[in-house]
Amino acid sequence: MTPDAELAAARIRQLVDLTKALTIRLADETRAFEAQRPQDAAASLPKTQELANLYRRDSAHVKANPALLAFAPAADKAALLKATEAFETVLARHSRAVDAARKISEGLMQAIAQEVAAARTPASAYGAGGQAHAGDGRAFALNRTA
C-alpha cells in the first residue's frame, strides 16, 4: 500500500469510527426521548455536542477536499457509506423524537401560562365604579425558542 493509500485509509477509518460513535450516542438519546426520559439524554449532551462538532468539522473538510480519500481502499469507502447511511437514519429518528419532546414541552408551558393568566384575570372586566380593573402586573414569559 502506498503512503497516500495508507493515509487515506487511516483518515476514512477515523471518519467511520467517529460516525459510528455519534450514531450510537444519538440512538441512545433517541431511546431516552422515546422512553420519556429526556434527563437521561441531557446527561450525555456535552459529549454528543463534542462528537457532533468533530463530525461536522471532519466531514466538511473531506467534502472540501475529496482528494483526501481518493486513494482509500474500496472496502473502507463502502464502510464509510454504510456508517453514514446508518447515521442519517438515526439522525432522522432523533430529530423526530426531539421535535416531539419540544412540542410536548411547549404545550405544557402554554397550558400553564393559560392557567396562570386565567387565575390572574378578574371575572368581571369592570369594577363597581365603572372603572376597569388594573389586573395583575406580574408577567409570565413564554419563550418559543428551544
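Keep in mind the model is a prediction, meaning the values are calculated, not measured. (Residues numbered from 1 in each chain as written. Predicted model: local features only at pLDDT ≥ 70, side-chain atom pairs only at ≥ 80, totals over all residues. Heavy atoms only, no water.)

Caption draft 1: Structural detail: helix H1 (residues 3–34). The first and last C-alpha atoms of H1 sit 46 Å apart over 32 residues, in line with the 46 Å expected at 1.5 Å per residue. Backbone geometry just downstream of H1 places Gln36 in the positive-phi region, at approximately 60 degrees. (Helix = DSSP H or I, 4+ residues; strand = E, 2+ residues; numbered from the N terminus. Expected span 1.5 Å × (residues − 1).)

Caption draft 2: Representation of the side chain of His94. Tracing the backbone through its elements, the reader meets His94 in helix H4 (residues 74–120). Taking relative accessible area as the criterion, His94 reaches 11% and is therefore assigned buried. Excluding its chain neighbours within four sequence positions, the residues that come into contact with His94 are Leu26, Glu29, Thr30 and Phe33. (Buried < 20%, exposed > 50% of the residue type's maximum accessible area, 1.4 Å probe, protein only. Contact = heavy atoms within 4.5 Å.)

Caption draft 3: Broad picture of unusual backbone geometry. Positive phi is not limited to glycine here, since Gln36 has a value of about 60 degrees. As for its placement among the helices and strands, Gln36 is situated in the loop between H1 and helix H2 (38–43).

Caption draft 4: Focus on the nonpolar core. One finds Ala8, Ile12, Leu15, Val16, Val62, Leu69, Ala72, Leu80 and Ala83 forming the largest nonpolar core, which totals 9 residues. Those elements that provide at least two residues to this core are H1 and H4. By residue number, the principal contributor to this core is H1, which donates 4 residues. Filtering out sequence-adjacent residues up to four positions away, Val62 remains in contact with Leu15, Leu68 and Leu69. Of all hydrophobic cores here, the second largest spans 8 residues; its members include Leu26, Ala27, Leu51 and Phe87. (Core = buried A, V, L, I, M, F, W, Y, C linked by side-chain atoms within 4.5 Å.)

Caption draft 5: Expanded view of helix H3 (residues 45–64). The first and last C-alpha atoms of H3 sit 28 Å apart over 20 residues, in line with the 28 Å expected at 1.5 Å per residue. Those residues of H3 that fall on the buried side of the exposure criterion are Thr48, Leu51, Tyr55, Asp58 and Val62. Within H3, the buried residues cover an arc of 105 degrees as seen down the axis, which keeps them to one side. Set apart from the buried face of H3 by more than 90 degrees, the exposed residues are Pro46, Arg56 and Ala64. (Arc of directions from axis to C-beta.)

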